[in-house]
Structures are given as C-alpha cells and as structure tokens.
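# Chains, contacts and geometry: an overview
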Amino acid sequence: MSVNDPLGDMLTRIRNAQMRGKSTVRTPASKLRAWVLDVLQAEGYIRGYEPATDAKGHPELEISLKYYEGTPVIRELKRVSTPGRRVYMAAKDVPSVRQGLGVSIISTSKGVMSDAAARTANVGGEVLCTVF
C-alpha cells in the first residue's frame, strides 16, 4: 500500500504514539520528514530523532517523544497543506498559532522553518502543519 501523504502519515504516527504514551515512534525516512523533525526539535516539541533501519533494511527515523509530567508536550498536531489542497502564504500573511504559543511549520525557498523564522527571513511558502 502506498501512502499519498507521507508527512501526514508521520504526524498521525506521532499523535497515535503519544496517545498510547510511547517513548519512541518509527516512521519511514525522507528528507522532508527529517526537516520537519528538525523544526519540532528546535522548538522543543520532541527530544530528537535518529536514523534507523527496519527489518527489510529500509531507512527509518526513530523519533523520541517528549512528555511533561506524564502528558505529551504536543497537544495538537494538524496538517494544513494536503496533497489535495495546498496552502501557500506570503511572508506578511503567515499566521501565528494560538497567539504565538504554537508553531506553524513552513516549507520555504530557504528551507523548512518555523513561522517566526519565516517572518524574520521575510519568506513565505507552503504551510505544512501547525503544532501546539
């Protein structure tokens, strides 16, 4: 079975693992997934991630989830731009998530970055997801 939305699949795996209280979760590796995880790590939503391989030798990413006093640090993880409905924003239109408490992850011409970094660099792009 092929996955149409690899990034959405990863976000769902993270949500599911956190609901079950898992410490780590694995997802097939890709550059985009790694870049999104880099932003999540920089913003303090996950502990980190490491490259791994599954039983068949396919590359995977093992994500270390973060909890605070037993509750997941990530309260909400939403896909914004989907394969069927892309969402693009100009630099000046990039919205703040929950009055700046959350983070939008944006794919720009200068790489994948948080909404704050995109505003600072004055670049717009595709709004991949929001985290709160």
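Note that the structure is predicted; figures quoted are calculated from it, not measured.

Among the nonpolar cores identified, the biggest contains 24 residues, and Met10, Ile14, Val36, Leu37, Leu40, Ile63 and Ile105 are the most heavily contacted of them. Setting aside residues no more than four positions away along its own chain, leucine 37 makes contact with Met10, Ile14, Ile46, Tyr49, Leu61 and Ile63. Of all hydrophobic cores here, the second largest spans six residues; its members include Val94, Met113, Ala118 and Val127.

It is worth spelling out the sheet that holds strand E2 (residues 46–53) at this point. Taken together, three strands build an open sheet; the order of strands is E1-E3-E2 and the sheet is antiparallel. Edge positions in the sheet fall to strand E1 (24–28) and E2, since each of these pairs with one other strand and no more. When the angles between neighbouring strand axes are averaged without regard to direction, this sheet yields 25°. Bridge analysis of E2 against strand E3 (residues 59–65) gives seven bridges, and the strand direction is antiparallel. Within E3, the residue paired with isoleucine 46 across the bridge is leucine 65. Packing of helix H1 (residues 6–19) onto the sheet brings it into contact with E1 and E3, and relative to E1 it is tilted by some 165°.

Taking 1.5 Å as the rise per residue, H1 with 14 residues should run 20 Å; its terminal C-alpha atoms sit 20 Å apart, in good agreement. Burial in H1 covers these residues: Leu7, Gly8, Asp9, Met10, Leu11, Ile14, Ala17 and Gln18.

The next subject is helix H2 (residues 31–42). For H2, built from twelve residues, the straight-helix expectation of 16 Å at 1.5 Å per residue is met to within 8% by its first-to-last C-alpha distance of 16 Å. One or two residues past the end of H2 sits glycine 44, with phi positive at roughly 85°.

A separate point is the domain arrangement of the protein. For the protein, the domain assignment lists domain 1 (6–72) and domain 2 (77–131). Taken together, the contacts link twelve residues of domain 1 with 13 residues of domain 2. Between domain 1 and domain 2, a total of about 1000 Å² is buried, with carbon and sulfur atoms accounting for 79% of that surface. Contact with domain 2 buries area across many residues of domain 1, yet Leu11, Val39 and Tyr45 alone supply 41% of it, more than any other trio. Linking domain 1 with domain 2 are zero salt bridges. On the surface where domain 1 and domain 2 come into contact, there are three residue pairs in polar contact (both at pLDDT 80 or more). Among the secondary structure elements, those contributing two or more residues to the side of domain 1 that touches domain 2 are H1 and H2. Along the lines of polarity and charge, the residues of the side of domain 1 that touches domain 2 split into nine nonpolar, one polar and two charged.

Going through the model one piece at a time under the given rule, you end up with nine salt bridges. The partner of arginine 79 in a salt bridge is aspartate 5, and the shortest N-O contact between them spans 2.9 Å. With a gap of 74 residues between them, arginine 79 in strand E6 (residues 77–79) and aspartate 5 in the segment before H1 connect regions that are remote in the sequence.

Here we take up the pairing of strand E8 (residues 103–108). For E8, a buried count of five out of six residues is recorded, marking the element as mostly surrounded by other parts of the structure. Looking at chain direction, E8 and strand E10 (residues 125–131) are connected through six bridges and run antiparallel. Each bridged residue has a counterpart across the sheet, and for valine 103 the counterpart in E10 is valine 131. Two elements, E8 and strand E9 (residues 111–114), share four bridges in a ladder whose sense is antiparallel. Considered in E9, the bridge of isoleucine 106 is made with methionine 113. Hairpin connection from E8 to E9: two residues lie between these consecutive antiparallel strands.

What counts, and where the lines are drawn
Residue numbers here run from 1 along each chain, matching the order of that chain's written sequence. Only residues with pLDDT of 70 or above have their local features reported here, since the model is predicted, and side-chain atom pairs are shown and tallied only from 80 upward, although totals for entire chains, interfaces and linings are computed over all residues. For side-chain calculations, the full set of non-hydrogen atoms in the structure is used, while hydrogens and water are omitted. Residues enter a nonpolar core if they are buried and are Ala, Val, Leu, Ile, Met, Phe, Trp, Tyr or Cys, with the set joined through side-chain atoms within 4.5 Å. Relative accessibility thresholds used throughout: buried, under 20% of the residue-type maximum; exposed, over 50%; partly exposed, between the two (1.4 Å probe, protein chains only). By definition in these notes, contact holds between two residues if any of their heavy atoms fall within 4.5 Å. Two strands qualify as a pair provided DSSP detects at least 2 bridges between them. Helix and strand assignments come from DSSP, with helices taken as H or I runs of at least 4 residues and strands as E runs of at least 2, each series counted from the N terminus. Axis lines are fitted through C-alpha atoms, for helices just across the contact stretch, and the angle between N-to-C directions can take any value from 0 to 180 degrees. A helix is expected to reach a length of 1.5 Å times the quantity of its residues less one. For each domain, the first and last residues come from an automatic or database assignment. By convention, the term buried area covers the 1.4 Å-probe accessible surface removed from two parts as they join, with the contributions of both added. Criterion for a salt bridge: a side-chain nitrogen of Lys or Arg within 4 Å of a carboxyl oxygen of Asp or Glu. Throughout this description, a polar contact denotes any pair of N or O atoms lying within 3.5 Å of each other; where both atoms belong to protein, one of them has to be capable of donating a hydrogen while the other can accept it, and for residues adjacent in sequence the pair is counted only when both atoms sit in side chains. Under the scheme applied here, ten amino acids are nonpolar (Ala, Val, Leu, Ile, Met, Phe, Trp, Tyr, Cys and Pro), four are charged (Asp, Glu, Lys and Arg), and all others, including Gly, are polar.

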